[in-house]
Amino acid sequence: LYIQQKQYQKTVDALAKVGNLSSLNADDRYHLGVAFVGLNNPAAAQPQLLMAISLAPDRIPPAYLQLHNVDIALNKVSEGIAVLEDFVRIFPNDPNRKLVEARIKQLNDLVKKPQPWH
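These numbers were taken from a predicted model, which means no experiment stands behind them.

**Student:** Would you mind going over the pattern of salt bridges with me for this structure?
**Tutor:** Oppositely charged side chains can form a pair if their charged atoms are brought close together. One pass over the full model with this rule turns up four salt bridges. Note that Arg97 and Glu101 form a salt bridge whose closest N and O atoms lie 2.8 Å from each other. Of this pair, Arg97 and Glu101 are both found in helix H6 (residues 97-111), four residues apart, which corresponds to roughly one turn of the helix. On the basis of relative accessible area, Glu101 is assigned to the partly exposed category, the value being 28%.

Put into structure tokens, the structure is as follows:
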């Protein structure tokens, strides 16, 4: 509910309390990561999104997209590309597939180093 209302700090606070009582599941980790993104804290979001993916690798497609955005914000372009490649492999029928494939191509073109003879 807090996420939907963009009350990110309340999301973090509530999930921190839950985390003290029991371990957070993949959905909790995803929501915590989204909350940190909303608070403009990609460094805190990254481990939460990674944990969400590791706990449920084939269940939360948006976790991959959020992690990609976090990686880019942290200037980790190679990791961001790899996350999108995983997304395409794991979720071949996702409606965002074409956009993700275009983003992969765009980023790969961007990071290609110029050849010394050019």
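**Student:** Sorry if this is basic, but what is going on with the packing of helix H2 (residues 26-38) against helix H3 (residues 42-55) here?
**Tutor:** Each pair of packed helices can be summarised by the angle the axes make with each other and by the distance between the axes. Contact geometry of H2 with H3 gives a least axis separation of 8 Å together with a crossing angle of 155°. Taken together, the axes of H2 and H3 are roughly antiparallel relative to one another. Note on packing geometry: the crossing formed by H2 with H3 is left-handed. Across the interface between the two elements, Ala26, Arg29, Tyr30, Leu32, Gly33, Val34, Phe36 and Val37 of H2 pack against Ala44, Ala45, Gln48, Leu49, Met51, Ala52 and Leu55 of H3. A class-by-class count of the residues in the contact of H2 with H3 yields 12 nonpolar, two polar and one charged.

**Student:** I keep staring at the side chain of Gln48 and nothing clicks. Help me out?
**Tutor:** Note that Gln48 resides in helix H3. In contact with Gln48, other than residues within four places in its own chain, are Arg29, Leu32, Gly33 and Phe36.

Here is what the cut-offs are and how they apply
Sequence positions are assigned chain by chain, starting from 1 and proceeding in written order. This being a predicted model, a pLDDT of at least 70 is required before a residue's local features are given, and a value of 80 or more before pairs of side-chain atoms are given or counted; all residues contribute to the totals for chains, interfaces and linings. To obtain the side-chain values, all non-hydrogen atoms of the structure were used and water was disregarded. Salt bridges are counted wherever a side-chain nitrogen of Lys or Arg sits within 4 Å of a carboxyl oxygen of Asp or Glu. Each helix corresponds to a stretch of at least 4 residues labelled H or I by DSSP, and each strand to a stretch of at least 2 residues labelled E; elements are numbered beginning at the N terminus. Only protein chains enter the accessibility calculation, which uses a 1.4 Å probe. A residue is then buried if its area is under 20% of the maximum for its type, exposed if over 50%, and partly exposed in between. Every axis in this analysis is a line fitted to C-alpha atoms, fitted for helices over the stretch in contact. Angles between the N-to-C directions lie between 0 and 180 degrees. Angular relationships are summarised with four words: roughly parallel below 35 degrees, roughly antiparallel beyond 145, roughly perpendicular across 65 to 115, and oblique for the angles in between. Handedness of each helix crossing follows the sense of rotation of the near helix against the far helix: counterclockwise by less than a right angle gives left-handed, clockwise gives right-handed. Should any heavy atoms of two residues lie within 4.5 Å, those residues are counted as being in contact. Throughout this entry, Asp, Glu, Lys and Arg are counted as charged residues, while Ala, Val, Leu, Ile, Met, Phe, Trp, Tyr, Cys and Pro are counted as nonpolar. The remaining residues, Gly among them, count as polar.

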